[in-house]
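Chain residues, written in single-letter form:
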Amino acid sequence: MSHETWYQIKMRAQAGGKHLSGAERMLPQPLLPQQAETLVHRAIFHPRGVPEQVVLKIEKIEPEKIEILDALPVSEIRAASVAEAWRALENLLREEGFLAPEKILAHFPETYPMRGAMVLDIETFQRWEPDFQRGIRVTGMDALDSCQKTAENGKNSFREAIVLATKTAHAPGIVGEICVSDDPGYVTGYFASRRRGYVRISPLKEVGDEQGGRLFLYHGSSEKVASCLDYLEHQLVQVRNIPNLPTPALPRPDRWERLQNTLETLHSAGLYRQVPEMESAPAGEVRFRGQPLVMLASNNYLNLAHHPDVEKLVQNVAAEWGTGSGGSRLTTGTSPWHTRLEASLAEWQKTESALLFNTGYMANVGVLSALCGPDDTIFSDALNHASIIDGCRLSKAKIVVYRHGDLDDLERKIRQENPSRGLVVSDGVFSMDGDLLPLPRWLKICEKYGLFSMVDDAHALGVLGETGRGSAEHWQSPQPDILVGTLSKTLGSEGGFVCGKETLIDFLRNRARSFIFSTALNALSVAAAWKSLEILQAEPWRVRKLQENVRFFCRELQNAGIPVQSQSAIVPILLGDERLAVSCSQQLLEKGIYLSAIRYPTVAHGKARLRVALNAAHTPETLRHSAAAIAQTLPVPLR
Ligand SMILES: *Cc1c(COP(=O)(O)O)cnc(C)c1O
């Protein structure tokens, strides 16, 4: 060998000041050009990104100065989870005679931001690498056979790791190495020492995790450190007899641990959700955890969910129709109550026809996915309800989100897209902010550009307009092409519906999958909604009472210095911080007031709020008392 001219070639690729990839080879001159090409190829087509700069450094070396080492023997630990793998590593360190493995491992995260390795004294826990930020880089090594295998194009993480580990293990004073790759796709790490060999351990992290590091364990006098660092950085080493290890099958992280981790993250961010169990029917006041409470969080706006007339009717319907509908609407699930309620809804909303869905959620998803496809563009308000968002996604249409309530932005975006087919969709009353869609101008825009107009009036029905007919009545405007509503809020039952032209309804009966492929609502829910609608229309004072309650409550809060306003039954009190919202909600609960903290993902991060939903059954005394309690609970800047 020594009669040949040898070179060391190093490749380093980076982008945005960050290291992307690197490699080095030692090889005789004739193989150099081809190897250079291989390394450039690897730099340019690296999975971690496109490099902005690739540096190739080629230096002549003296082959007689190369130390030949046998590869460390390889063994393997496969753990069921990341936590278990780290425990296995800790045990291994203990077996190897390290006195404080947990202390050693506690230093490991400090290596994550470092480019090179940390050198940790296992007795004093002093760090010996000269530059704490950069760390020590091991260079001057290669596999002995790499020059013969010039065709080997791709990267073999295992071979590179064992070359480095073998060299490191032979450095004076190094008694072990712990390494976790920062490659997000590679979850295997290792412990290596001359005594123990190279122990592959997986999984030491989750797939997608970009944190990794390298820790050298040093044992020896401080005088010997210099020779150790010199060996790591400068000694030329070739490693031979590297075993062939098949690249591991894609790691299989424990499927339950991922879920557990997510839940823990939610907990610590104040975003964990539970399902509180109520101890009485929804009303202005309820029982919860053994206490009577003022209910300021229910959408049962007109207090019809527990109306005696509704109850009586439902008992009769139960006697006649039982509990389940037994089939989809297109097969055997349609009772006269279904037909009757659809007729009432259409008449109420002054549209040609109406169609029931099992929930408002399913109505939105069904309509949007039936009406729109890949050739459509849907223009959707940024704060639309999640069921609209899901419907848009399911439709596979192009989705263009316009700024909340900003009709100039809507029109600008329609012009920009200039779609030949499409739909504009908005909440009539926004469910978490309580503000209104300016319906007349919005409808004009839809009309002007020939787009379907779709309004979700879930929080407007029974709330807006003199008789509670919703957005169209409030604005004294025609209906949109597609009006979606729910039976589950004002109408105190469950189910959703769509009102519109008979053509629309007929189309939905034939095309809306959430209508077709789901068992029909039971007659009880349908009859209950029908009766509630009858009461709502016969007793418009309920709507007026609710509207009066909103004005009264907002005034009370404003008088206490809290800036709120609302034209709907939803009065949001913006707090921002998630944990603050949760803590206010808890304090209010102790004061006898049930008021939900609304957090991400229902609203954006940092937009957490208390969301008051008022009820026609609230008395002025209740509302005055509640407003005072809320004012008392809020932090000072808001007051
Ligand atoms: C509640 C709500 C829905 C969903 O209605 P459900 O009948 O509860 O499924 C849809 N859209 C809006 C705006 C809502 O507030």
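Residues numbered from 1 in each chain as written. Predicted model: local features only at pLDDT ≥ 70, side-chain atom pairs only at ≥ 80, totals over all residues. Heavy atoms only, no water.

Our focus in this paragraph is the sheet that holds strand E3 (residues 53–61). The antiparallel open sheet is built from 3 strands, whose spatial order is E2-E1-E3. Where the open sheet ends on each side, the last strands, each with one partner, are strand E2 (18–28) and E3. Strand-to-strand twist in this sheet, taken as the mean axis angle between neighbours without regard to direction, amounts to 15 degrees. In this sheet, E3 lies alongside strand E1 (residues 6–15) in antiparallel orientation, the contact comprising 9 bridges. From the neighbouring strand, Tyr7 faces E3, where its bridge partner is Lys60. Each of E1, E2 and E3 touches helix H1 (residues 32–44); the most contacted strand, E2, lies at about 165 degrees to it. (Pairing = 2+ DSSP bridges. Helix = DSSP H or I, 4+ residues; strand = E, 2+ residues; numbered from the N terminus. Axes fitted to C-alpha atoms, helices over the stretch in contact; angles between N-to-C directions. Contact = heavy atoms within 4.5 Å.)

What follows is about the layout of surface pockets. What the second largest pocket holds in volume is close to 1100 Å³. Taken together, 36 residues form the lining of the second largest pocket, with Gln274, Pro276, Tyr594, Ser596 and Ala597 sitting closest to its centre. Residue assignment for the lining of the second largest pocket shows that the elements contributing at least two residues are strand E13 (285–288), helix H18 (578–590), strand E23 (593–594) and strand E24 (596–598). Sort the elements by how many residues they give to the lining of the second largest pocket and H18 lands first, with 5 residues. The class makeup of the residues in the lining of the second largest pocket is 18 nonpolar, 12 polar and 6 charged. (1 Å grid on protein atoms, 1.4 Å probe; cavity = no way out; pocket = protein on both sides within 12 Å on 5 of 7 lines; lining within 4 Å. Points joined across faces, edges and corners; volume = space filled by probe spheres on them. Nonpolar A, V, L, I, M, F, W, Y, C, P; charged D, E, K, R; others polar.)

A separate point is a nonpolar patch on the surface. Taken together, the side chains of Val40, Ile44, Phe45, Val54 and Leu56 make up a nonpolar region of the molecular surface, amounting to roughly 390 Å² of accessible area. Those elements that provide at least two residues to the nonpolar patch are H1 and E3. Inspection of the secondary structure assignment puts Leu56 in strand E3. (Patch = residues over 30% accessible without salt bridge, like charges linked within 9 Å, V, L, I, M, F, W, Y side chains within 5 Å. Areas by Shrake-Rupley, 256 points an atom, 1.4 Å probe, with all protein chains shown as cover. Salt bridge = Lys/Arg side-chain N within 4 Å of Asp/Glu carboxyl O.)

What follows deals with the site of the ligand. Near the ligand lie 15 residues; those nearest to it are Gly360, Asp456, His459, Thr486 and Lys489. Within the side chain of Ser488, a nitrogen or oxygen atom sits 3.1 Å from an oxygen atom of the ligand. One nitrogen or oxygen atom from the side chain of Lys489 is found 2.5 Å from an oxygen atom belonging to the ligand. Contact with the protein chains hides 85% of the accessible area of the ligand, taken as 380 Å² for the molecule alone. Examining the composition of the shell around the ligand, we find that 3 residues originate from one element, helix H9 (residues 360–371), more than from any other. Of the residues in the shell around the ligand, the class split is 2 nonpolar, 10 polar and 3 charged. (Near = heavy atom within 4 Å. Polar contact = N/O pair within 3.5 Å; in protein donor to acceptor, adjacent residues only side chain to side chain.)

A few words on the nonpolar core. Of all hydrophobic cores here, the largest spans 86 residues; its most connected members are Leu345, Trp442 and Ile630. Residue contributions to this core peak at 10 residues, all from helix H16 (residues 523–538). Excluding residues that lie within four positions of it along the chain, Leu345 makes contacts with Ala354, Leu356, Leu487, Leu491, Phe497, Cys499 and Leu533. By size, the runner-up hydrophobic cluster in this structure holds 33 residues, among which are Leu72, Ala171, Phe216 and Val237. (Core = buried A, V, L, I, M, F, W, Y, C linked by side-chain atoms within 4.5 Å. Buried < 20%, exposed > 50% of the residue type's maximum accessible area, 1.4 Å probe, protein only.)

Looking only at helix H10 (residues 386–395), the buried set comprises Ser387, Ile388, Gly391, Cys392 and Ser395. Within H10, the buried residues cover an arc of 140 degrees as seen down the axis, which keeps them to one side. Those residues of H10 that are exposed and aimed more than 90 degrees away from the buried face are Arg393 and Leu394. As for H10, its buried residues are in contact with H9, strand E16 (377–381), strand E17 (398–402), strand E18 (422–427) and strand E19 (452–456). Of the residues flanking the end of H10, it is Lys396, one or two places downstream, whose phi is positive at about 65 degrees. (Arc of directions from axis to C-beta.)

As a further point, take helix H17 (residues 541–559). An α-helix turns once per 3.6 residues; consequently, residues spaced three or four apart project the same way. In this model, H17 (19 residues) spans 26 Å end to end at C-alpha, consistent with the 27 Å of a helix rising 1.5 Å per residue. Inspection of H17 places Arg542, Val543, Leu546, Gln547, Asn549, Val550, Phe552, Phe553, Cys554, Glu556 and Leu557 among the buried residues, and these make up the whole buried set. Structurally, H17 contributes buried residues whose contacts are with H16, strand E22 (570–576), strand E25 (608–613) and helix H19 (620–633). (Expected span 1.5 Å × (residues − 1).)

This brings us to the side chain of Asn384. Along the chain, Asn384 turns up in the loop between E16 and H10. A distance of 2.9 Å separates a polar side-chain atom of Asn384 from the backbone oxygen of Val425. Setting aside residues no more than four positions away along its own chain, Asn384 makes contact with Ile389, Val425, Ser426, Asp427 and Phe430.

Turning our attention to the pairing of strand E11 (residues 213–218). Within E11, 5 of the 6 residues are buried, which leaves it mostly tucked inside the rest of the structure. Note that strand E6 (residues 118–121) and E11 share 4 bridges and pair parallel. Note on E11: the bridge partner recorded for Met118 is Leu215. Relative to E11, strand E8 (residues 174–180) runs antiparallel, the two sharing 6 bridges. The residue bridging Cys179 from the neighbouring strand is Arg214, located in E11.

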